[in-house]
Amino acid sequence: MSKTVAFHLQKGGVGKTTISGTLACQSALEGHKTLVIDCDPQGNLSSWFLKDPPKYELSDVLQGRCYVGNAIVVAPELENLSILPTFGIGGTLKNYSETKLAEEPFILQDLVKEVSEEYEHIILDLSPGLGRLERSALIASDEIVTPMTPEVFSLDGLEIFIDELAKLKKNMRAAVKHNKIIINSYDERIRQHRDIFSAAESSGRFLVYRIPVDPLFRKAQEAGRIPQLYKVRGRGMKNATQQAIMDLDSCIWR
Ligand SMILES: Nc1ncnc2c1ncn2[C@@H]1O[C@H](COP(=O)(O)OP(=O)(O)OP(=O)(O)O)[C@@H](O)[C@H]1O
Ligand SMILES: [Mg+2]
């Protein structure tokens, strides 16, 4: 059975794209047919994995300009990883979400249903915020996992998200699971990071995961490569990062 997951918090720069992309690679490396739908008008995930802008993108599918199968592309290094891309230049997804999406809030849910026969694991990468596009993507998901950075206001941001998500689920009658958070860019040596992790865990409301701070992520993104396979001067991802990604992968898809 297929499962769809979105990694989301309304805050920018918390690692949504890094985690979406890395977990999609992990799922594909483990042999699962995996699709990432790039729902971010900035198109960061697409430009990370794809060198050339493909002929069609997500907004073409949403506007009926092509079949979904014509827009999906296989990632160059991983045959189990496919991407339904978005290219930021031109802003077609942004235009669509500001105009026509209001009339069809369930369009992403329908799209996910359409591809779920073919892909075991589907990941949605969203832009920051909680606008129409993000809401449509959230209700298209089976599960939302929230990444956050270990900063002073991060737990406040999480409370706002929980509140907004409850309203969205009620209004749209959506049964989306939300019981996991990820403290990203975690550094055990920093007391504030340890305190935020403890506070999140002791609330008892979430399963709390940590992804270590690891410069390999940025380097792999700059090089357009799969983080798990990329090495700089013989050095790849830290062992602790690899372990955290594998643990998260097994908890999310089991
Ligand atoms: N665990 C990590 N260790 C080190 N750097 C990280 C880590 N996670 C993310 N980064 C870096 O932080 C930056 C922001 O990450 P990312 O683009 O994934 O955030 P985002 O939430 O998707 O941002 P946006 O809200 O703009 O979509 C990137 O440069 C990325 O390489
Ligand atoms: Mg992003």
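Residues numbered from 1 in each chain as written. Chains lettered and ligands numbered in written order. Predicted model: local features only at pLDDT ≥ 70, side-chain atom pairs only at ≥ 80, totals over all residues. Heavy atoms only, no water.

### Topic: the side chain of Gln228
With respect to the secondary-structure elements, Gln228 resides in the loop between α10 (216-223) and α11 (239-253). For Gln228, the side chain forms a polar contact with the main-chain oxygen of Thr22, separated by 3.0 Å. One polar contact links Gln228 to Gln26, side chain to side chain, over a distance of 3.0 Å. Leaving out residues up to four positions away in the same chain, Gln228 has contacts with Thr22, Cys25, Gln26, Leu29, Met237, Gln242 and Ile245. (Helix = DSSP H or I, 4+ residues; strand = E, 2+ residues; numbered from the N terminus. Polar contact = N/O pair within 3.5 Å; in protein donor to acceptor, adjacent residues only side chain to side chain. Contact = heavy atoms within 4.5 Å.)

### Section: the sheet that holds strand β3 (residues 73-74)
An order of β3-β4-β2-β5-β1-β6-β7-β8 is seen for the 8 strands of this open sheet, with the pairing classed as mixed. Each of the sheet's edge strands pairs with one partner strand only, and the pair in question is β3 and β8 (207-212). Here strand β7 (residues 177-186) runs beside β8; their pairing, made up of 6 bridges, is parallel. Opposite Ile182, over in β8, you have Tyr209 as the bridge partner. Sitting on the sheet, helix α1 (residues 16-29) is in contact with β1 (3-7), β2 (34-38), β4 (81-84), β5 (121-125), β6 (143-148), β7 and β8, with an inclination near 165° to β5. Relative to β6, helix α8 (residues 154-172) is tilted by about 160°, and along the sheet it contacts β6 and β7. (Pairing = 2+ DSSP bridges. Axes fitted to C-alpha atoms, helices over the stretch in contact; angles between N-to-C directions.)

### Description of the site of ligand 1
In the vicinity of ligand 1 lie 19 residues, with Lys16, Thr17, Thr18, Asp214 and Gln221 positioned nearest. Within the contact set of ligand 1, an oxygen atom lies 2.9 Å away from a backbone nitrogen or oxygen of Gly13. The separation between a nitrogen atom of ligand 1 and a polar main-chain atom of Asp214 is 2.8 Å. Considered on its own, ligand 1 offers 630 Å² of accessible surface; in the complex 79% of this is hidden by protein. When contributions to the shell around ligand 1 are tallied by element, the ones reaching two or more residues are α1, β7, β8 and α10. Partitioned by chemical class, the residues of the shell around ligand 1 number 6 nonpolar, 9 polar and 4 charged. (Near = heavy atom within 4 Å. Areas by Shrake-Rupley, 256 points an atom, 1.4 Å probe, with all protein chains shown as cover. Nonpolar A, V, L, I, M, F, W, Y, C, P; charged D, E, K, R; others polar.)

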